[in-house]
Amino acid sequence: MFERKTIAVVIPAYNEEALLPDTLTGIPAFVDRVYVVDDASRDATVARAQAAATDDPRIAVIAHARNQGVGAAIVTGYHRAVQERMDVTCVMGADNQMDPADLEHLVAPVARGQADYAKANRLFTGQAWELIPRYRYLGNAALSLLTKIASGYWHVADSQSGYTAVSLQMLEQIELDRLYPRYGFPNDMLVHLNVWNARVRDVRSRPIYGVGERSGIRLRKVVPKISWLLVKGFLWRMREKYVIRDFHPLVFFYGLGFVMTVAGLALGITEVVLRVMGNKVSAGTVVLVALLLIFGSQFTLFAMWFDTESNRELR
């Protein structure tokens, strides 16, 4: 227990027979329950987890019959934690890339009622640029920016970090089975948390690489897929939070900003094509394009500012 609160750790695992034992060995003593959720691994991950469970009664092994994705594995662990009424539930990767020493810092604000959700941020430290592979750092930075817009949590960075802690009350509110089941799970989780006005806090964490981990992530496939997920999540959040639950005029600003920007770009491209083909372009058309782009950007920035202000207390 941690300050009289029960603590659980969910460990989603897929083909992690090599690093899972070290991950389980590092779990701090204050953790009450450990749920290893195997996502239909093809190696000895389940056997390694079961062997560890014989020595540590805190460990429970849950196996998926078919591969469903890391998000689905986490949700399985969340459901088990809710059933067992764990006050704080954390998520750690099975690849030993999350420093167990940081777990207490994640748990503390949630256990003390200072936050509903805490997540590790590896970008706080100056070592991030040197330790994290460059292509992953840049991909993370791009997705973090998109996640800020989609989720409304402008103070949160390192959106791809899966090292998190969440309160029992928040797990009971969120529709867990609606969360994205694969790699974009942390991003989608933030979008859903914002709809429920969850207080989210970033916690400094040390990035760990070069411990034998194997990444199956292909950024050229993942970034477009998660970007589209965030577009849909943004539109869903606008509807749920600012139209259905409590109307806010920022939806008009976002809508006008989008329409004017798209219209300005379309008209501008059309005029450039016509000019290249030898047609004359009137000064009035050029002014109209400029006005559409200027007003479109201003409306969008105003909407972002309204969104930031409305979520300022969720820190």
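Calculation notes
Residues numbered from 1 in each chain as written. Predicted model: local features only at pLDDT ≥ 70, side-chain atom pairs only at ≥ 80, totals over all residues. Heavy atoms only, no water. Helix = DSSP H or I, 4+ residues; strand = E, 2+ residues; numbered from the N terminus. Expected span 1.5 Å × (residues − 1). Buried < 20%, exposed > 50% of the residue type's maximum accessible area, 1.4 Å probe, protein only. Contact = heavy atoms within 4.5 Å. Polar contact = N/O pair within 3.5 Å; in protein donor to acceptor, adjacent residues only side chain to side chain. 1 Å grid on protein atoms, 1.4 Å probe; cavity = no way out; pocket = protein on both sides within 12 Å on 5 of 7 lines; lining within 4 Å. Points joined across faces, edges and corners; volume = space filled by probe spheres on them. Nonpolar A, V, L, I, M, F, W, Y, C, P; charged D, E, K, R; others polar.

A. Region of the structure containing helix α3 (residues 70-83). With 14 residues, α3 extends 20 Å from end C-alpha to end C-alpha; this agrees with the ideal 20 Å at 1.5 Å per step. Burial in α3 covers these residues: Gly71, Ala72, Ala73, Ile74, Val75, Gly77, Tyr78, Ala81 and Val82. Arg85, located one to two residues past α3, shows a positive phi value of around 60°.

B. Seen up close, the environment of Asn121. Inspection of the secondary structure puts Asn121 in strand β5 (residues 117-121). The exposure class of Asn121 is buried, given its relative accessible area of 2%. Among all residues touching Asn121, those that are not within four sequence positions of it are Ala157, Asp158, Asp202, Val203, Arg204 and Ser205. Among the polar contacts made by the side chain of Asn121, one reaches the side chain of Asp202 at a distance of 2.9 Å.

C. Structural detail: the layout of surface pockets. Computed from the structure, the second largest pocket encloses a volume of approximately 550 Å³. Lining of the second largest pocket is provided by 20 residues; of these, Ile149, Phe234, Tyr254, Phe258 and Thr300 occupy positions nearest its centre. If you list the elements that add at least two residues to the lining of the second largest pocket, you get α6 (134-151), α9 (219-245), α10 (250-276) and α11 (283-310). For the lining of the second largest pocket, the element with the highest residue contribution is α10, accounting for seven residues. Across the lining of the second largest pocket, the residue classes break down as 13 nonpolar, seven polar and no charged.

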